[in-house]
Amino acid sequence: MLTDWIKNIIFVVLFASFLELLLPSSSMQRFVRVIMGLFIMLAILNPIIGAVQHLTSKDQIPTFAATSGDLNVITNEVNHVTNERNALSLELYKKELSQQIRILVMAMDGVADANVVVEIKKDNASTLAMGVNHIIVYVKPGISTKSEKIVSIAKVKIDKEFNKTEEKHTDLKQRITDMIMELYQIPKEKVEIKMLYS
């Protein structure tokens, strides 16, 4: 910057001297000296004028005064806040979905208690939910404590009781799986029902 400024001043002085040599009359030389003096002053003051213009433009538009380092800090903060928001929304989605499925399962006949675990498939680059990866429903079969139904007890045959219980639980598992598949459009292979026996 400084060398360009000095080169410009030297060039203007040399050009003024060359013009002086070309003009023979002394009246014209005085006129050329005044003009060339103005050019030399302009060449000397040019960096000062540029600095003043630069300062006034920064005052008028402060947004452009930010350095690239400031922009990197701002970008990093925005990305951090976005990732935190996505993680919170993902957790909220998992809790809401598991709560909804638990309420629906508890409303079915033959379920005393239920617990639901939802696993979400994540994109490697971010925390955004890419869809339900797996649902595990832990079911405790029996009569719901909230239910006020009176159930008549059937005759029990000891040798066949285990098979009937297993058949009943297989039917219950199928009903729960079908309900989740229909309501949430989740493939059968992503739904797992586990029976809990007390």
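Residues numbered from 1 in each chain as written. Predicted model: local features only at pLDDT ≥ 70, side-chain atom pairs only at ≥ 80, totals over all residues. Heavy atoms only, no water.

K.L.:
Lay out the overall build of the protein in plain terms, naming residues and giving numbers.
P.N.:
The helix and strand inventory of the protein stands at four helices and three strands. In the protein, the order of α-helices and β-strands from amino to carboxyl end is α-α-α-β-β-α-β. Taking all 198 residues of the protein together, 19% fall into the buried category. In the protein, the proportion of contacts linking residues at least 24 apart, taken out of those at least 6 apart, comes to 60%. Of the roughly 15,300 Å² that the protein leaves accessible, carbon and sulfur atoms contribute 62%. (Helix = DSSP H or I, 4+ residues; strand = E, 2+ residues; numbered from the N terminus. Buried < 20%, exposed > 50% of the residue type's maximum accessible area, 1.4 Å probe, protein only. Contact = heavy atoms within 4.5 Å. Areas by Shrake-Rupley, 256 points an atom, 1.4 Å probe, with all protein chains shown as cover.)

K.L.:
Please give an account of a nonpolar patch on the surface that cites residues and values.
P.N.:
Nonpolar side chains collect at one region of the surface, where Phe-31, Val-34, Ile-35, Leu-38, Phe-39, Met-41, Leu-42, Ile-44, Leu-45, Ile-48, Ile-49 and Val-52 lie side by side and expose about 1,100 Å² of accessible area between them. Here Val-52 shows up in helix H2 (residues 26-60). (Patch = residues over 30% accessible without salt bridge, like charges linked within 9 Å, V, L, I, M, F, W, Y side chains within 5 Å. Salt bridge = Lys/Arg side-chain N within 4 Å of Asp/Glu carboxyl O.)

K.L.:
So what's going on with the confidence of the model for the protein? Which residues, and what values?
P.N.:
Across the protein, the average pLDDT comes to 77, with 75% of residues at or above 70. Taken element by element, the protein is modelled with least confidence in H2, mean pLDDT 75, and with most confidence in strand E3 (residues 191-195), mean pLDDT 90. (pLDDT = per-residue confidence, 0-100.)

K.L.:
If you had to explain unusual backbone geometry to someone new, which residues and values would you point to?
P.N.:
Despite not being glycine, Gln-185 has its phi angle at roughly 55 degrees, a positive value. As for its placement among the helices and strands, Gln-185 is situated in the loop between helix H4 (161-184) and E3. Residue classification places Gln-185 among the exposed residues on the basis of a relative accessible area of 65%.

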